[in-house]
Amino acid sequence: MRERIADWRFRRRLAALGKSGQELLSAYAGARWPAPDLPLREAALLALDFELDGLARDAHVLQAGWLAFDTAGIALEGAVSLDIRSARRLDDGAVTVHGIGEERAREGQPLRQVLEPLVSALSGRVLVAHGAAIEVEVIERTTRACFGEALPVRAICTLELERRLHPNLVGTDAYRLASVRARYSLPAYDQHDALSDALAAAELLLAQARRLPADVRLGSVLRG
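Criteria and cut-off values
Residues numbered from 1 in each chain as written. Predicted model: local features only at pLDDT ≥ 70, side-chain atom pairs only at ≥ 80, totals over all residues. Heavy atoms only, no water. Helix = DSSP H or I, 4+ residues; strand = E, 2+ residues; numbered from the N terminus. Buried < 20%, exposed > 50% of the residue type's maximum accessible area, 1.4 Å probe, protein only. Phe/Tyr/Trp six-rings, centres within 6.5 Å; stacked < 30°, edge-to-face > 60°. Axes fitted to C-alpha atoms, helices over the stretch in contact; angles between N-to-C directions. Parallel < 35°, antiparallel > 145°, perpendicular 65-115°, else oblique. Left-handed = near helix turned anticlockwise from the far one by under 90°. Contact = heavy atoms within 4.5 Å. Nonpolar A, V, L, I, M, F, W, Y, C, P; charged D, E, K, R; others polar.

## Observations regarding the environment of Leu169
Mapped onto the secondary structure, Leu169 falls in the loop between α7 (158–165) and α8 (177–183). Using a relative accessible area of 33% as the deciding quantity, one classes Leu169 as partly exposed. Leu169 sits 131 residues away from Leu38 along the chain, and the two C-alpha atoms are 31 Å apart.

Structural data, given as structure tokens:
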């Protein structure tokens, strides 16, 4: 029942988006969207990560990285990494984490110019991220700001999925991306680069999918 309600709400939001009169959003709404009962192995996916200026709800987006994939593998030739322009005084703590300073941020692309190809890339695909609530919130917030409409997004959160596969692990680091990847014997990557983190999430989902039944349905792994 939960899956049916979530699908109904998603398609209702798509229908509203299709009436926006904006070609980009209408194309997104009219894309071929997978049904919840589609096997995960047949779903089109898009791993995405944003680097932000801190964790505040109005934090500036400084970098986006994404790549399309499915459970058969990852095609790196279509991977995208873009810096996003910000003229604000950046949080020193956040700069230490992601390494994007104010001079580099001023030379990034305007947010709208980054969102346009991202919206096209996400059309008909399910977003994949570790801690996907952040990516979903940023997409909704920034598309509302740039296009006047919050983009409806379907997402698989590898963190939520890991809590189902390995529940009740102890320690604050047990479910961090690096720790979870190590649990599946995946290599360590530099973190806090948007494309590197997106690739890390994509590889992690492929590893997690091997622990799931072969016929697992897409709807059963979508973010709750």
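## Re the packing of aromatic side chains
Counted under the stated rule, the structure contains two aromatic pairs. Ring geometry for Phe10 versus Trp33: centroids 5.2 Å apart, planes at 80°, classification edge-to-face. Here Trp33 lies in the loop between α2 (23–29) and β1 (45–52) and Phe10 lies in helix α1 (residues 2–17), a separation of 23 residues in the sequence. Judged by its relative accessible area of 7%, Phe10 is buried. Accessibility expressed as a relative area gives 9% for Trp33, which makes it buried.

## Looking at the packing of α7 against helix α9 (residues 194–209)
Between α7 and α9, the least distance of the axes is 10 Å, while the angle of their chain directions is 30°. For the element pair α7 / α9, the angle class is roughly parallel. Like other packed secondary-structure pairs, α7 and α9 cross with a definite hand, here left-handed. For the pair formed by α7 and α9, the contact residues are Thr158, Leu161, Glu162 and Leu165 on the first element and Ala201, Leu204, Leu205 and Gln208 on the second. A breakdown of the residues in the contact of α7 with α9 according to their chemical character gives five nonpolar, two polar and one charged.

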